[in-house]
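Observations on the three-dimensional arrangement
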Amino acid sequence: MKPNLKSVLSSFQKRIHALCAGSAAVLFLQLTGCDSGPILLPESNPTRLSEWNLFTIDEQFFEPNEETQVIYPTNSLFTDYAHKLRTIWVPPKTQITWDNENLLYPVGTILSKTFYYPKNASGELLKTTDPQNTMIALYESKLIETRLLVRRNDGWDAIPYVWNEDQTEAFLRIAGSSHEIALTSINGTKNKDQEPPQKFTYFSPNENQCAGCHTTDHPDGGLLPLGAVASQLNTTVLDQTDSNSESQLDRLVTKGWLTHSERNKFSKYTKSYNDQSATLEERALAYLNMNCSHCHNPLGPADTSGLILTGNHRSPINLGICKPPVAAGRGAGNLRYGIEPGSPEKSILVYRMNSSESDEMMPELGRSLVHEEGLKLIRDWISSMPGQCG
Amino acid sequence: MRKFCDLNNYHFSRMLFLMGIAASAFLNGCDSENISESAIPFEEQLQEKLISAASGEVITIPEGVHNISRSLSLNVSGVTIKGEGMDKSILSYKNQVQGAEGLLVNADNFVIEDLAIEDTTGDAIKINNSENVTIRRVRTEWTGGPLTTNGAYGIYPVQSRNILIDGAVAIGASDAGIYVGQSTNIIVRNSRAEYNVAGIEIENSTFADVYNNIATNNTGGILIFDLPNLPVQGGRNTRVFKNKVYTNNVENFAPEGNIVGSVPAGTGIMVLANDSIEVFENELSQNQTANILVVSYLINNIPINDPLFDPYPEAIYIHANTFIGGGMEPDSVPLASLKQATGEPVPDIVWDGDKATTEDGQALLDPFEILCISNNSSENFVNLDAGNNFQTPSFDISPHQCELPALSKVEFASAD
């Protein structure tokens, strides 16, 4: 049984931020003034995550600063079954504006994403569905990394922090890092002792690798958020701390971060690839959009392949249907086409999603494990396709 | 309250070092241990340098074999990566655990020289969407010989402009040793490609000069290809000259499914679906399928779903080449049948004979407008009549005996 986070939250809301109470960051905070909100660092990237004042942490809980807003985009990029806690913060007296259907975040905005795994009483890390918590109970979780996207004057900066073993601080690792992980599956009815844990190396990206996904308009565009976009936030998330069920965009309005009038003109939303009421194709395209289209879009670095996985491809061949590979190397898996309708086992798309070899797998970065659920969805979708290649 | 200390973290240690005594006093209670730069793995130091580099910076790779386990990448324009020689400064990826390439570059005004990249799991050097790229005296190699498990490409600029590859060596790629795709303004010269499936491949590109190179012991020596369904296509204006292209007879070891997997072992120079290509003053010898193949995309038997794609080669000008031997063991069913039927080696210049026609089947171009041949060391030629299922091959070179104006030299500032 999970402890009820709701019941413990109120005590935290009154708590003074640990960082201000005294820590190794005292000197820094004295210099900058110890504000209760996150601290905007216009240029430098501090060595320690705590210096941003985005979170409080003690032996029991990792909690976003209450000035931030926790968000859950409709779809999430697969990252080796890690759970993710995301926050937005915009500086006081600034607002998010609109550029057509895109959110334009003000200079100073900090987006954070903390990757963690749940663990059991004996310390084993667990493969479970992300419960979308708004804070992390450290006695039943292990923090891996926190990635920041910070909107500077000249664009977004990606800043990767990696948590120490003691779970007391995350440190800047611009060249990335790796962690040996063993994941125990508790989904299903089998006794877990019968299923050995899945061992793998979890890779935290370096700054360039952050750009590898976040530079969707390549190469001239800068980095862009992938999850904190309007269509991914125009959904309801039942918050565990209350029963508030307004759209996340409306929450940003309530917080004064987004203008009301323009928000009301926006009605687009992304289907969830988990939405069982959506069609197989809608779910498959939603999955490919979130997991592939940051590179496989007409302006992205993988347009060199002619494979466009935004869901808005020009023609079936751009979606990979009966399309020969271009520069796939071993990733082609001795197969002739990206998608062979009705035959997932003959489709390069499935082959590459099902591989964990670094020169074969897709996406190229961000995972060491196969996303079994995503793979099943794409298999089912290809199986359902009519027709055949010549 | 726990203190925010992490004594094993070198960034933190470096900060302590910088802050000196004041820091030590302020961090009273955190036992610290200064870790010098040398304790940071070379790989991580190098990746940090690549991330933090400023335009104009030269990043040096010292002599030695440096183990790299994750892809390196560079996004800063104006950076030079320089070693002490392609046999001295070696980045070895034998134990690579992450990344689809050894070095990934998205940066203009990029120079890499005098080093080697060995045994990457995927491509050795990929350069995407960059302008003014110089690759000089760089070796990319899979050291275990020609294996299907080798990475696809050695030197791989794609969707780039003004690319100079000079004095490079590319060995063992399971696709192409030197592969320039979807690019324009390209010079590949003074380089050697050996034991790759394709030695040097120029694909979906325009304005390329490929000269003074050696391509040997590949499956195919030099390939000039154009493929459909790509954002950049319409390959044309490439000059292939003064190259030595010999004994490219290595069995095709490309993973199936890839276009080069269909290249017959024993191919010297192959032009597929490109227009305005000039092949001259090359020395081609002992390529045992054929010294020169000129073919349409249709030869692959892959359906074409691209109305914008022209599958036929046109304005191919082949002159003043020297042929020695070759054509003795064609790795192609129609060419093997041809050899058997004639009892002669496959001719030095082979054209599949497929051409653009009107709806009522009339050729749109005269034969010499498609393929123009003059002054080679032999006049051995065949038109395979592939469109009619190879029924009536013709050895008559006369419809193709002509001269075309020379293509102009490829020039750009960073190649001066």
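Along each chain, numbering runs from 1 in the same order as the chain's sequence is written. The naming scheme follows written order: chains are lettered A onward, ligands numbered 1 onward. Local features in this predicted model are restricted to residues of pLDDT 70 or higher, and side-chain atom pairs are both shown and tallied only at a pLDDT of 80 or more, whereas totals for entire chains, interfaces and linings draw on every residue.

Observations regarding the nonpolar core
If you look at the biggest cluster of nonpolar residues, it comprises 211 residues, and the most contacted ones within it are Ile155(B), Ile178(B) and Ile292(B). Only DSSP runs of H or I with at least four residues qualify as helices, and only runs of E with at least two residues qualify as strands; both kinds are numbered from the N terminus onward. In terms of residues, this core owes the most to one element, helix α8 (residues 280-292) of chain A, which gives 7 residues. Three or more residues apiece are contributed to this core by two domains, here domain 1 (5-214) and domain 2 (275-383) of chain A. Our contact criterion uses C-beta atoms placed from the backbone: two residues qualify when those atoms are within 7 Å. Contact partners of Ile292(B), with chain neighbours within four places excluded, come to Gly268(B), Ile269(B), Val279(B), Leu284(B), Ile318(B), Asp348(B), Ile349(B) and Val350(B). Among buried residues, those of type Ala, Val, Leu, Ile, Met, Phe, Trp, Tyr and Cys that are joined through C-beta atoms within 7 Å form a set called a nonpolar core. Here a residue counts as buried when 20 or more other C-beta atoms fall within 10 Å of its C-beta, as exposed when 12 or fewer do, and as partly exposed in between; the C-beta atoms come from the backbone. Domain start and stop points were drawn from an automatic or database domain assignment.

Quick notes on the sheet that holds strand β7 (residues 110-118) of chain A
All names here are of chain A. A pair of strands is considered paired only if DSSP assigns at least 2 bridges between the two. Pairing within the open sheet is antiparallel, and its 6 strands lie in the order β3-β4-β7-β10-β11-β12. Because the sheet does not close on itself, it has two edges, and the strands there are β3 (69-71) and β12 (170-172). On average, each strand axis in the sheet is tilted by 30° relative to the strand beside it, whichever way the strands run. As judged from the 7 bridges shared by strand β4 (residues 83-89) and β7, these two strands associate in the antiparallel manner. Bridging from a neighbouring strand, histidine 83 pairs with tyrosine 116 of β7. Under this scheme, a helix contributes an axis fitted over its contacting stretch, all axes are lines through C-alpha atoms, and angles between N-to-C directions fall in the 0 to 180 degree range.

Digging into the environment of Ala315(B)
Residues and elements named next belong to chain B. Looking at where alanine 315 falls in the secondary structure, it is placed in strand β26 (residues 314-319). According to the C-beta neighbour criterion, alanine 315 is partly exposed, with 19 such atoms within 10 Å. Once the C-alpha coordinates of alanine 315 and glutamate 194 are considered, the two residues, 121 residues apart in sequence, prove to be 29 Å apart. Not counting residues within four places of it along the chain, the set of residues in contact with alanine 315 comprises Asp275, Ser276, Glu369 and Leu404.

As for the sheet that holds strand β3 (residues 70-74) of chain B
Residues and elements named next belong to chain B. Reading across from one edge, β3-β6-β8-β10-β13-β16-β19-β22-β25-β28-β30 is the order of the 11 strands in this open sheet, with parallel pairing throughout. Strands with a single pairing partner mark the edges of an open sheet, and in this sheet they are β3 and β30 (381-383). Going from strand to strand, the sheet's axes swing by 15° on average, the running direction of each strand aside. As judged from the 4 bridges shared by strand β8 (residues 123-128) and strand β10 (residues 153-158), these two strands associate in the parallel manner. Across the sheet, residue lysine 126 finds its bridge partner in β10, namely tyrosine 156.

Concerning the domain arrangement of chain A
Residue and element names in this part refer to chain A. Partitioning chain A into structural domains gives domain 1 (5-214) and domain 2 (275-383). Facing the 16 residues of domain 1 at the interface are 11 residues of domain 2. When contributions to the side of domain 1 that touches domain 2 are tallied by element, the ones reaching two or more residues are β14 (198-204) and α4 (207-214). No other element matches the 5 residues that β14 contributes to the side of domain 1 that touches domain 2. Residue classes follow a fixed rule: Ala, Val, Leu, Ile, Met, Phe, Trp, Tyr, Cys and Pro count as nonpolar, while Asp, Glu, Lys and Arg count as charged, and any other residue, Gly among them, counts as polar. Taken together, the residues that form the side of domain 1 that touches domain 2 break down as 8 nonpolar, 7 polar and 1 charged.

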